[in-house]
Amino acid sequence: MDRRAALRLLAATPLVAAFPWAPEAVRVAAARVAAARERAAPGAPTFFTPHEWATVRLLADLIIPRDARSGSATDAGVPEFMDFMCADDSELAAPLRGGLAWLDRECDDRFGATFVAASVAQRAALLDDIAWPARARPAHAAGVAFFNSFRDLTASGFFSSKIGVQDLRYVGNTLVAEWRGCPPEVLAKLGVSYDLLTPRRD
């Protein structure tokens, strides 16, 4: 796919609504990925080509890398989540595919390599140009729209996964036998106290 085709694909959907997805679709995709991961290793993608798959996996892990606290986006099944979402939603699929093509084309124009084949420094230079909308040049508007939407989809997939929920340290609905209020160190940090919150009885 050449640059013109990629831009045409991105322009087919308004930039603000390039990646609309409903919360229910996110829940369904996350549940499907979790079930597939419990059964066996995830299979081949149904929507992405092998090259797109490699790009999605790399880009997702650049957005949410593995660290001491939790696994990466790929560890959480984000690429499988995206594959399911795209296979199920053509309005999401077209701009995502166009954005991946834009990324490769821009990398090729600058460095003579696809995004996956580019060096770490080259990838970082390209992402720095599109990751910060306020600093981006108008010529990179399509790349900015793609990257911001891809980052949102990565976060949705990650934080709806088991790894992502554990990363948040969310404990869910647990019994609290007695509410003792906010810890004193948190009250101090916020500059409030329960004395200030208690109504005066004059």
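What you see is a predicted model; the values in this text were computed from it and never measured.

## Description of the packing of aromatic side chains
Considering all chains together, one arrives at 4 aromatic pairs under this definition. When the centroid spacing of 6.1 Å and the interplanar angle of 35 degrees are considered together, the rings of phenylalanine 48 and tryptophan 53 count as tilted. Accessibility assignment for this pair places phenylalanine 48 and tryptophan 53 in one class, buried. Each ring, one from phenylalanine 158 and one from phenylalanine 159, has its centre 4.9 Å from the other, and the planes form 90 degrees; the classification is edge-to-face. An aromatic cluster is present here, built from Phe47, Phe48 and Trp53 joined pairwise through their rings. Taking NZ or CZ as reference, arginine 97 lies 4.0 Å from the ring centre of phenylalanine 47, over its face.

## Quick word on the pattern of salt bridges
As a working rule, side chains carrying opposite charge can pair if their charged atoms are close by. Per the counting criterion, the structure on display carries 7 salt bridges. Residue arginine 69 is joined to aspartate 167 by a salt bridge in which the shortest nitrogen-to-oxygen separation is 3.3 Å. Of this pair, arginine 69 sits in the loop between helix H3 (50–63) and helix H4 (78–88) while aspartate 167 is found in helix H8 (residues 162–168), placing the two residues 98 residues apart along the sequence. Looking at arginine 69, the relative accessible area reads 45%, which means it is partly exposed. On the basis of relative accessible area, aspartate 167 is assigned to the buried category, the value being 14%.

## Things to note about the side chain of serine 70
The residue serine 70 is located in the loop between H3 and H4 in this model. Here serine 70 falls in the buried class, since its relative accessible area comes to 13%. A polar contact is formed between the side chain of serine 70 and the side chain of aspartate 167, at a distance of 3.0 Å. When neighbours within four sequence positions are excluded, serine 70 is seen to be in contact with Phe158, Ile163 and Asp167.

## Digging into a nonpolar patch on the surface
Taken together, Phe159, Val165, Leu168 and Tyr170 make up a surface patch of nonpolar side chains, about 390 Å² in accessible area. Residue classification places phenylalanine 159 among the partly exposed residues on the basis of a relative accessible area of 35%.

Basis of the calculations
Residues numbered from 1 in each chain as written. Predicted model: local features only at pLDDT ≥ 70, side-chain atom pairs only at ≥ 80, totals over all residues. Heavy atoms only, no water. Phe/Tyr/Trp six-rings, centres within 6.5 Å; stacked < 30°, edge-to-face > 60°. Buried < 20%, exposed > 50% of the residue type's maximum accessible area, 1.4 Å probe, protein only. Lys NZ or Arg CZ within 6 Å of the ring centre and 35° of its normal. Salt bridge = Lys/Arg side-chain N within 4 Å of Asp/Glu carboxyl O. Helix = DSSP H or I, 4+ residues; strand = E, 2+ residues; numbered from the N terminus. Polar contact = N/O pair within 3.5 Å; in protein donor to acceptor, adjacent residues only side chain to side chain. Contact = heavy atoms within 4.5 Å. Patch = residues over 30% accessible without salt bridge, like charges linked within 9 Å, V, L, I, M, F, W, Y side chains within 5 Å. Areas by Shrake-Rupley, 256 points an atom, 1.4 Å probe, with all protein chains shown as cover.

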